[in-house]
Amino acid sequence: MGAQINTDYSKVQQNYLFSTIAKKVSEFQVANPGKEIFRLGIGDTTQPLGQTVVKAMQDAAARLGDVKTYTGYGAEQGNLPLRQALANQYTSRGVELTADEIFVGDGAKTDSANIQSIFGLDNIVAVSDPAYPVYVDTNVISGRTGSAGKDGRFDGLIYMPCNSDNNFMPELPSRKADLIYLCSPNNPTGAVMSRERLGQFVDYARENKAVIFFDAAYAAFISDPDLPKSIYEIDGAKECAIELNSFSKSHGFTGVRLGWTVVPQKLVAVDALSEIGFTTPGQINGLWKRRQTTFFNGASNVVQAGGLAGLTEEGMKESRELVSFYMENARIIREGLSQTGLKIYGGTDAPFLWMKTPGGVDSWSFFDRLLNETRVVGTPGAGFGQAGEGYFRLSAFGHRDKTIAAVESIKANLKL
Ligand code: MLT
């Protein structure tokens, strides 16, 4: 026998969701030359970096051009001043973290894909449905599931349906789960988990010795002070949760790439090789360090300098301006489309809006209709899981004029 490929790839869709959409959009463009397209699909940022960040990256690049200030590989977990500044960000929420609990990476997508690899293959995984496709696909590709059934759901995964009946907030897993993915503010629904619901998950995880992967990449978009921005605002979460976050949306780093993952020293999981049956404090943090130092050489030093500047008072002011800009887009979309009678959710503490497809049409057909009738690109809810069928996601990360034009085009041209 020769080299064998990983056949678990045959279980997932041939293309990643946003690659499929990009392909459909370019086909439309070829068929309709000269027609302007309004992109509210992938959550890709459009506004420029803050000047504080730009200047810091220019200076960092200049330091690399001089032998006296040149540096090579950076610190293993990320530069200490950056990790310290990130830890300081949590103190305003009453959360104490140490710099050694923070790992700097090249974005939350990478870490949310890789974090499962330090946990065994026999773990039962629970995901919200709909969910960011990376959570499901990486577990399928790693061999933790069976194949997808006709409904697109994978054998062996626990799905936590999120719909209008539960305000798009996941409920506790229906059977025992070991690894639980949560994302709040949610991609794709734009719903934000309440302190109470998050508390129920933390209690569940502690009772069942489960670990929660909490994706907080959109936390900067929460304006309601009662909503948790970090899972560590919930008592006991350090024993059961890993948190992922990113500069992508708060600072416009989707192309620059920078994120971080918190692995608390107190985190506990089952260790079959240990006499006590459980990991000791710091052990999982050490596993992630081992994983990262083996597979990754750290985020670019120029980018880390930009991130550090982004966390200064001036950098955070620029970030808040960016966030407000996108949230104004969200308001424009929400209010504009609500006038047409479309049912819109999310978009108040999150940069995504979740819309019921009119007339119950399936979400990929609605994608085609929206593109053909209005030239607006969105994301079909079914791309995020079975419970996303009948829904459609719109992103608030567009240019202002294009966002307004998209809303006007839907109002004028969509045949409801
Ligand atoms: C999305 O559109 O869901 C996001 O842009 C995906 C991502 O951040 O990777």
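Residues numbered from 1 in each chain as written. Predicted model: local features only at pLDDT ≥ 70, side-chain atom pairs only at ≥ 80, totals over all residues. Heavy atoms only, no water.

**Quick word on the domain arrangement of the protein chain**
- Domain assignment breaks the protein chain into domain 1 (15-44 + 316-413) and domain 2 (54-311).
- Computed over C-alpha atoms only, the centres of domain 1 and domain 2 are separated by 26 Å.
- Facing the 28 residues of domain 1 at the interface are 34 residues of domain 2.
- When domain 1 packs against domain 2, the two sides together hide about 2,400 Å² of surface, and 61% of this comes from carbon and sulfur.
- Here domain 1 and domain 2 share eleven residue pairs in polar contact (both at pLDDT 80 or more) between them.
- It is helix α9 (residues 313-338) that provides the largest number of residues to the side of domain 1 that touches domain 2, a total of six residues. (Domains from an automatic or database assignment. Contact = heavy atoms within 4.5 Å. Buried area = accessible area lost by both parts, 1.4 Å probe. Polar contact = N/O pair within 3.5 Å; in protein donor to acceptor, adjacent residues only side chain to side chain. Helix = DSSP H or I, 4+ residues; strand = E, 2+ residues; numbered from the N terminus.)

**Some words on helix α11 (residues 400-413)**
- The terminal C-alpha atoms of α11, which comprises 14 residues, lie 20 Å apart, in line with the 20 Å expected from a rise of 1.5 Å per residue.
- Of the positions making up α11, those classed as buried are Thr403, Ala406, Val407, Ser409 and Ile410. Along the long axis of α11, the arc covered by the buried residues comes to 160°, so they all point the same way. The outward face of α11, more than 90 degrees from its buried face, is lined by the exposed residues Asp401 and Ala412.
- Residues of α11 that are buried make contact with β1 (38-39), α9, α10 (363-374) and β11 (376-377). (Expected span 1.5 Å × (residues − 1). Buried < 20%, exposed > 50% of the residue type's maximum accessible area, 1.4 Å probe, protein only. Arc of directions from axis to C-beta.)

**Concerning the pattern of salt bridges**
- As enumerated under the stated definition, the model contains 18 salt bridges in all.
- One salt bridge connects glutamate 233 with arginine 93, and the closest N-O pair in it is separated by 2.8 Å. Of the two residues, glutamate 233 is situated in the loop between β6 (211-215) and β7 (241-246) and arginine 93 in the loop between α3 (80-91) and β2 (102-105); the sequence distance between them amounts to 140 residues.
- Taking the relative accessible area as the measure of exposure, glutamate 233 reaches 15% and is therefore buried.
- Arginine 93 gets classed as partly exposed once you look at its relative accessible area, which sits at 28%.
- Close ionic contact of glutamate 233 with arginine 195 constitutes a salt bridge, the shortest N to O distance being 3.1 Å. (Salt bridge = Lys/Arg side-chain N within 4 Å of Asp/Glu carboxyl O.)

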